Structures are given as C-alpha cells and as structure tokens.
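Coordinates in review
Below are the chains, spelled out letter by letter.
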Amino acid sequence: SQLEQTLVLIKPDGVARNLTGEILRRIEAKGYQLVDVRLVHAQRDLLAAHYAEHEGKPFYEPLIQFMESGPIVALRISGHRVIEGFRVLAGTTDPTTAAPGTIRGDLGRDWGLNVQQNLVHGSDSVETAERELALWFSHS
Ligand code: DAT
Ligand code: MG
C-alpha cells in the first residue's frame, strides 16, 4: 500500500497572512485526511533539527530566523502518495516560478531575496516524513 503520512508546516508568513484556512481547504479538497494539528512557536533547536540538511548554506540563517519569527501550524496528514502529492499541491520552492493552481503559485509572493517566505513546508521522502513527524509531533 502507498498510504503515507507527511508533515506539512504552514510557515509564519502563511499564518500571519490568515491563509491557514485556505491552505487546509486545498489539502482537504484533494482528499487528504487531517490526523493531527498543532500551533507552535518553534524554538531554535527544533528548527535546527528540522533543517539540518541545509546547515552551512547561505540561506540557512535567514531561514531559521524567519521560521522563529511567528507561530507555525504543523499538520500530520495522510493519504495515498501524500508525500509527493502534497509537494505537487505546494508547487516549486520559489513562489515566483511556482505553477498557477499550486499553493505557492497562487498565494505566494515574490519577496525578492526572501525566498524562504513560501508559505508551506512538506516532507520530501518517506524517511524524511518519519523523521520530521517525530520532531514536530513527539507527543503522539
Ligand atoms: P522546499 O521547501 O521546497 O523543500 P528546500 O528544502 O530546498 O525547499 O529549502 C528549504 C527552504 O529554504 C525553502 O522552503 C526556502 C528556503 N530556500 C531554499 N533555497 C533557497 C535559496 N536559494 N535562497 C533562499 N532561500 C532558500
Ligand atoms: Mg525541503
């Protein structure tokens, strides 16, 4: 079976712009199930663990500072091939070139240097999803 779970984060820009409902609507409309949800003002240690693969890259520090800047909505969602499927719903990393019809393409703004403000995060593999879900939902 390819029934999977993935971690979605509605990043601080998405929460601040009151897009939580619109993003959840798109996830539910696709047919994915909401399994768990938390509103988190993330501490640096959690963000450093979450973005460990990017440590040392030029955008790492601005990315962590942005993710610390306000509340995040963390979602555990399930569905058939949801890991890849959510990333298709989200669109490519840069909102400027993300396709219309995607979350980043329809709702993301071109912030110039602030590519990190792209509304959502989605895990990128089965292994990553397991690791990230354990980080953000360690209570369950
Ligand atoms: P994604 O979030 O699409 O999986 P990623 O894992 O490569 O992208 O990068 C994590 C986040 O870091 C991404 O959402 C935005 C930011 N980022 C990535 N590449 C960047 C770049 N070249 N400049 C600035 N921020 C970047
Ligand atoms: Mg990524």
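Counting restarts for each chain: residues are numbered from 1 in the order of the written sequence. Whichever chain is written first becomes A and whichever ligand is written first becomes 1, with later ones labelled in order. Where totals are concerned, whole chains, interfaces and linings use all residues; where local detail is concerned, this predicted model gives features only for residues with pLDDT of at least 70, and gives and counts side-chain atom pairs only at 80 or more.

The line we're drawing: UniProt positions are given in the numbering used here, feature names are shortened, and annotations may be inferred rather than shown by experiment.
If you check an unreviewed UniProt entry, the protein appears there as Nucleoside diphosphate kinase from Pontimonas salivibrio. What UniProt records for the protein under Subunit (unreviewed entry) is the sentence "Homotetramer." Quoted verbatim from the Sequence similarities (unreviewed entry) field of the UniProt record, the comment on the protein reads "Belongs to the NDK family."

Examining the pairing of strand β3 (residues 72–80)
The condition that has to hold: A pair of strands is labelled paired if DSSP reports no fewer than 2 bridges between them. Helical segments are the DSSP runs of H or I of at least four residues, strand segments are the runs of E of at least two, and each set is numbered from the N terminus.
Bridge count between strand β1 (residues 3–10) and β3: eight bridges; the pairing is antiparallel. Within β3, the residue paired with Gln5 across the bridge is Ser78.

A few points about the environment of His80
Put simply, the test is: Think of it as a crowd count around each C-beta: if 20 or more other C-beta atoms lie within 10 Å the residue is buried, if 12 or fewer it is exposed, and in between it is partly exposed, with C-beta placed from the backbone throughout. Here the contact rule is simple: place C-beta atoms from the backbone, and any two residues whose C-beta atoms are within 7 Å are in contact.
Assignment of secondary structure puts His80 in strand β3. Assessed through the 11 C-beta atoms surrounding it within 10 Å, His80 is described here as exposed. Spatially, the C-alpha atoms of His80 and Glu132 are 19 Å apart, while their sequence positions differ by 52 residues. Residue contacts for His80: discarding those within four places in its chain leaves Gln2 and Leu3.

Focus: the sheet that holds strand β4 (residues 120–122)
Stated precisely, the cut-off is as follows: For helices, the fitted line uses only the C-alpha atoms of the stretch in contact; every axis is such a line through C-alpha atoms, and the angle between N-to-C directions lies from 0 to 180 degrees.
Read across the sheet, four strands follow the order β2-β3-β1-β4 without closing on themselves; strand pairing throughout is antiparallel. This sheet does not close on itself; its edge strands, each paired only once, are β2 (33–40) and β4. Going across the sheet, the axis of each strand differs from the next one's by a mean of 20°, ignoring polarity. Here helix α7 (residues 126–136) sits on the sheet in contact with β1 and β3, set at roughly 55° to β1.

Points about the UniProt feature "active site" (unreviewed entry) in the protein
The UniProt record annotates "active site" (unreviewed entry) at His121. Following the sequence through the fold, His121 ends up in strand β4. Among all residues touching His121, those that are not within four sequence positions of it are Val8, Leu9 and Lys11.

A look at the pairing of β1
Within a regular beta strand, the side chains point alternately toward one face of the sheet and then the other, so they alternate between its two faces. Buried residues dominate β1, accounting for seven of its eight residues. Where β1 and β4 come together, three bridges link them in antiparallel fashion. Its bridge partner lying in β4, Ile10 is registered against Val120.

Remarks on the environment of Thr93
Within the secondary structure, Thr93 sits in the loop between α5 (82–90) and α6 (103–107). Not counting residues up to four positions away in its chain, the partners in contact with Thr93 are Val115 and Asn118.

As for the site of ligand 1
Selection criterion: Nearness here has a simple definition: the residue's C-beta atom, placed using the backbone, must lie within 6 Å of the molecule or strand. For this classification, the nonpolar set comprises Ala, Val, Leu, Ile, Met, Phe, Trp, Tyr, Cys and Pro, the charged set comprises Asp, Glu, Lys and Arg, and every other residue, Gly included, is treated as polar.
With respect to spatial proximity, the complete set of residues near ligand 1 consists of His54, Phe59, Leu63, Thr93, Val115, Gln116, Asn118, His121 and Asp124. In terms of residue class, the shell around ligand 1 is made up of three nonpolar, five polar and one charged.

Regarding unusual backbone geometry
Positive phi outside glycine occurs at Arg81, with the angle close to 50°. Locating Arg81 in the fold gives a position in the loop between β3 and α5. Arg81 gets classed as exposed once you count the C-beta atoms within 10 Å, which come to 12. Its identity as a non-glycine residue notwithstanding, Leu119 has a phi of 75°, on the positive side.

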